[in-house]
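Read off the chains here:
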Amino acid sequence: MSDLFSLSIVMPVWMEAEGIAGILEALKPLRSAGHEVIVVDAGSTDGTARLAGPLADRVVQSRKGRAAQMNAGAAVAEGSVLLFLHADTLLPSNASDCLSEFFHSNKDWGRFDVSLSGQGVMFPVIAWFMNQRSRLTGICTGDQAMFMRREVFEDLHGFDCLPIMEDIEFSRRLRLVSRPFCIHEPVVTDSRRWEQKGVWRTIFLMWRLRWRYWRGESPEALVHSYRSDIRNAKD
């Protein structure tokens, strides 16, 4: 195990040309401090990779699928800590200090608390329940910017290439190694999906999918239901 803290941020993207520059600009202070940002594109046709190039340390091409993309980014990462960051999520300004504290702890992985970007009165309530559920169960979702020691990621062979629930599945394996290191300073994740699909509809959908997953249904069946629900929401 390395005695020096260094961070590799792995960001899976697809068709993010509209916002990728701003997303990566927010990570400039971390790059200036010597940490690396790896963007993993899944064949975007809108110029995402080209726009990301000057603002990242590496731009990697991968087959589509968040799990496959995150594994591809981790394979070229050099940091002692891997952090998997969604393209619609912003880290807190003191993220490096928080992650350094994690690195010098006895925990092997962790996640941030989360807050939602919208102004709706329900959003703080939703975030509170997400954070409390995660703290009680030791399970986290990708919105919470999961991180871990690189050797732990390698020992567990990374994410299973599932079409959905890859974060939940990996959390279950990581939880057997240690309880998560929970950072109270929140990441801010975009509330667009909640606003577009409706708060209650989204809550019921995600809980229904998780319940079916815990009962043993395949991720392939779940992703079909998820996509069908999205299409119905747009009708």
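Computed from a predicted model, the values in this text were never measured in an experiment. (Residues numbered from 1 in each chain as written. Predicted model: local features only at pLDDT ≥ 70, side-chain atom pairs only at ≥ 80, totals over all residues. Heavy atoms only, no water.)

Trainee: Before we go on, may I ask you to explain the overall build of the protein in this structure?
Mentor: Scanning the protein from N- to C-terminus turns up 11 helices and eight strands. A buried classification covers 52% of the 235 residues belonging to the protein. Looking at the protein alone, contacts between residues at least 24 apart form 73% of all its contacts between residues at least 6 apart. When the accessible surface of the protein is totalled, it reaches about 11,500 Å², and 53% of it is carbon and sulfur. (Helix = DSSP H or I, 4+ residues; strand = E, 2+ residues; numbered from the N terminus. Buried < 20%, exposed > 50% of the residue type's maximum accessible area, 1.4 Å probe, protein only. Contact = heavy atoms within 4.5 Å. Areas by Shrake-Rupley, 256 points an atom, 1.4 Å probe, with all protein chains shown as cover.)

Trainee: I'm lost on the environment of Asp 41 in this one. Help?
Mentor: Turning to its location among the elements, Asp 41 is positioned in strand β2 (residues 36–41). C-alpha of Asp 41 to C-alpha of Ala 52: the two residues are 11 residues apart in sequence and 9.4 Å apart in space. Of the polar contacts made by the side chain of Asp 41, one reaches the backbone nitrogen of Gly 43; its length is 3.3 Å. Only 3.2 Å separates the side chain of Asp 41 from the side chain of Gln 61, close enough to count as a polar contact. (Polar contact = N/O pair within 3.5 Å; in protein donor to acceptor, adjacent residues only side chain to side chain.)

Trainee: Explain the nonpolar core here, please?
Mentor: Generally speaking, soluble globular proteins have nonpolar side chains that are buried together. The biggest cluster of nonpolar side chains holds 36 residues, and the ones touching the most others in it are Leu 83, Leu 91 and Phe 112. Going through the elements one at a time, β1 (7–13), α1 (20–25), β2, β4 (81–84), α5 (95–103), β6 (109–116), α6 (123–137) and β8 (181–189) are the ones with two or more residues in this core. Among all residues touching Phe 112, those that are not within four sequence positions of it are Leu 83, Leu 91, Pro 92, Ala 95, Leu 99, Gln 144, Ala 145, Phe 147, Ile 183, Glu 185 and Val 187. Counting 20 residues, the second largest nonpolar core, distinct from the first, contains Ile 38, Leu 82, Val 152 and Phe 153. (Core = buried A, V, L, I, M, F, W, Y, C linked by side-chain atoms within 4.5 Å.)

Trainee: Hey, could you run me through the packing of aromatic side chains in this one?
Mentor: For any two aromatic rings, the description comes down to two numbers: the centre-to-centre distance and the angle of the planes. Inspection of the entire model under this criterion finds 10 aromatic pairs. Aromatic side chains Phe 153 and Phe 170 sit 5.9 Å apart centroid to centroid with 80° between the ring planes, which places their arrangement in the edge-to-face category. Here Phe 153, found in helix α7 (residues 150–155), pairs with Phe 170, found in helix α8 (residues 166–175); they are 17 residues apart in sequence, far enough to count as distant. Across the pair, exposure class does not vary: Phe 153 and Phe 170 are buried alike. A cation over an aromatic ring shows up here: Arg 149 above the ring of Phe 102, its NZ or CZ 5.1 Å from the ring centre. (Phe/Tyr/Trp six-rings, centres within 6.5 Å; stacked < 30°, edge-to-face > 60°. Lys NZ or Arg CZ within 6 Å of the ring centre and 35° of its normal.)

Trainee: Explanation requested: unusual backbone geometry in the structure shown.
Mentor: Across the chain, the bulk of peptide bonds are trans and the bulk of non-glycine residues have phi less than zero. Of note in the backbone geometry, Met 15 takes a positive phi value of approximately 55° without being a glycine. Note on placement: Met 15 falls in the loop between β1 and α1.

Trainee: In this structure, what is going on with helix α4 (residues 66–76)? I would like to understand it.
Mentor: Note that an α-helix has 3.6 residues per turn; residues three or four places apart therefore point the same way. Among the residues of α4, those classed as buried are Ala 67, Ala 68, Gln 69, Met 70, Asn 71, Gly 73 and Ala 74. Each element contacted by the buried residues of α4 is listed here: β1, β2, β4, α7 and α8.

Trainee: How do you make sense of the environment of Leu 174 when you look at a structure like this?
Mentor: By the element assignment, Leu 174 lies in helix α8. Among the residues examined, Leu 174 registers a relative accessible area of 0% and is labelled buried. A sequence separation of 65 residues divides Leu 174 from Trp 109, and the C-alpha atoms of the two residues are 7.2 Å apart. Among all residues touching Leu 174, those that are not within four sequence positions of it are Trp 109, Met 146, Met 148, Val 152 and Leu 156.

Trainee: Explain the pairing of β2 here, please?
Mentor: Along any regular strand the residues' side chains alternate between the sheet's two faces. For β2, the buried fraction is high: six of the six residues fall into the buried class. On β2, burial covers both faces: Glu 36, Ile 38 and Val 40 on one face and Val 37, Val 39 and Asp 41 on the other are all buried. Across six bridges, β1 lies against β2 in parallel orientation. Bridge pairing in β2 links Val 13 to Asp 41. (Pairing = 2+ DSSP bridges.)

Trainee: So what exactly am I meant to see when it comes to the sheet that holds β1 here?
Mentor: Across the sheet, which stays open at both edges, the eight strands sit in the order β3-β2-β1-β4-β7-β6-β8-β5 with mixed pairing between neighbours. One side of each edge strand has no neighbouring strand; the edge strands of this open sheet are β3 (58–61) and β5 (89–90). Taken together, the three bridges between β4 and strand β7 (residues 147–149) define a ladder with antiparallel strand orientation. Paired with Val 81 across the bridge in β7 is Arg 149.

Trainee: Even after reading the chapter, I still don't get α5, so can you show me in this structure?
Mentor: Ala 95, Ser 96, Cys 98, Leu 99, Phe 102 and Phe 103 are the residues of α5 that are buried. What you see down the axis of α5 is that its buried residues fit within an arc of 160°, all on one side. In α5, the exposed residues that point more than 90 degrees away from the buried face are Asp 97 and Glu 101. Buried residues along α5 sit against β1, α2 (28–32), β4, β6, β7 and β8. (Arc of directions from axis to C-beta.)

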